[in-house]
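The chain contents come next:
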Amino acid sequence: MSGTGDLLKKGAAPGSRPPQTPGPRTGTANPFRAITDNLRESGIYIAFVVVVLLFAFLTDGLSLSPGNITNIILQYSYVLVLAIGMVIVIVAGHIDLSVGSVVALTGAVSAQLVIGSGRPWWVGVLAALAVGIAIGAWQGFWVAFVGIPAFIVTLAGMLLFRGLTYYVLDNVSLSPFPGEYNQIATGFLNGLLGGYGYDAFTLLIGALAVAGYAVSQIRNRVARVRYQQTVDAVPVFVLKIVAVAAVVMAFAWQLANSRGMPIVLIILAVLILTYSLIMKSSVFGRQVYAIGGNLAAAQLSGVNVRKVNFWIFVNMGFLAAIAGVIFSSRSNGAQPGAGNSFELDAIAAAFIGGAAVTGGVGKVTGAMIGGLLVGVISNGMQLLGVEQSLQQVIKGLVLLLAVAFDVYNKRRGGVR
């Protein structure tokens, strides 16, 4: 078992072989076979493209207008932040039902300091983050060291932190925040590099994102070849990069022709890149996957399960606090009922994005696509004037189908 522990520490991907170990020959994958063998991951991207094109057709292109794309980013950014933390929790085999209440409480603390006591806006932000981290440590202690299931701990937290929100706000709403605080979720970076009828800075950010993605994919391909793993054929590999580049630049062009780069999108991009790197390349990330995939094997491999579980919930509290700051900034105030059902949106984003119900499987990027898919569906139905009750029914069915798809994949692969 020491060999497994060494792989986790040295950075080798689970299941991969060192270059000096004899293994299968490096080859190229059949494109159709690659898609069908990775339905959990590729299916969500296909579904997302289909849904976007469907609503573009139904709304005569209104859903893809610059103003509407910007609105989707602003409206669902806090859900995506929560989804980053939630997918990590789910990969480890847990669940967190308290994040909506944590969003409300952290926003309430910030509002009391900034609006109620007249403190600078950044004091409210730091206080909200501190409260979120403290909440994560509180819940992580009960889960990791006392051994109470996360479902029970976070269900109690959902009630506890909601009650504290009412206490902090004294059952009334507080508003408005000063302009600097409000800019966190509603501000834009526009005109930094000029441009004639468009924002050049936004296009530059899009180009840098494409370059970063291309470099990442090339490095990943080189690593897979080094470890004698199957890779896509060169034309397929190049086509994938070109397709992603086209989508990203089209998205950047729409933003550049609207109000420029949303500040909240920059915050979200930093979080996505950071946590994608952590989950893919760090010891902590590999340990999270090990715990969710096979708890007994992880313990025998020397993983400190209690410590990892503790920090998983500290991280969730931290991200819930960021979402609380973003939501209160967008709402320009704090309300006792803020954050209702946010936990369900975050859980849905993770599962729709390919996370396994039993843990051990899931990616940050998948959760982002899952969250965007729910956002595009909700936004498209709003543009079409669909009743709110029917919207809830459709989103519930989407979640059910996503979980059913996960079960199908396991049976298809012979997993019980």
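Residues numbered from 1 in each chain as written. Predicted model: local features only at pLDDT ≥ 70, side-chain atom pairs only at ≥ 80, totals over all residues. Heavy atoms only, no water.

Caption draft 1: Representation of unusual backbone geometry within the structure. Put simply, S175 and P176 share a cis peptide bond, and its omega is -5°. Inspection of the secondary structure assignment puts P176 in the loop between helix 7 (150–169) and helix 8 (179–186). The phi angle at N171 is positive, at roughly 65°, despite the residue not being glycine. Relative to the helices and strands, N171 is located in the loop between helix 7 and helix 8. For N171, a relative accessible area of 54% corresponds to the exposed category. Its identity is not glycine, yet S341 carries a phi of approximately 70°, on the positive side. (Helix = DSSP H or I, 4+ residues; strand = E, 2+ residues; numbered from the N terminus. Buried < 20%, exposed > 50% of the residue type's maximum accessible area, 1.4 Å probe, protein only.)

Caption draft 2: Just the nonpolar core, in detail. L82 and I84 are the most contacted members of the largest nonpolar core, which has 70 residues in total. The leading source of residues in this core is helix 4 (residues 66–91), at 16 residues. Those residues within four positions of I84 in sequence are excluded, and the remaining contacts are L268, L271, I272, Y275, L319, V364 and M368. (Core = buried A, V, L, I, M, F, W, Y, C linked by side-chain atoms within 4.5 Å. Contact = heavy atoms within 4.5 Å.)

Caption draft 3: The packing of aromatic side chains, seen in detail. Applying the stated criterion across every chain yields a total of nine aromatic pairs. Ring centres of Y78 and F327 lie 5.0 Å apart, and the angle between their planes is 80°; this geometry places the pair in the edge-to-face category. With Y78 in helix 4 and F327 in helix 14 (residues 305–331), the pair connects residues that are 249 residues apart, well separated along the chain. The residues Y78 and F327 share a single accessibility class, namely buried. Here F177 and Y181 contribute two aromatic rings whose centre-to-centre distance is 3.9 Å and whose plane-to-plane angle is 15°, an arrangement assigned as stacked. Members of the aromatic cluster, each reached through a chain of ring pairs, are W138, F141, W142, F145, F310 and W311. If you follow R221 out to its NZ or CZ, it ends over the ring of F237, 4.9 Å from the centre. (Phe/Tyr/Trp six-rings, centres within 6.5 Å; stacked < 30°, edge-to-face > 60°. Lys NZ or Arg CZ within 6 Å of the ring centre and 35° of its normal.)

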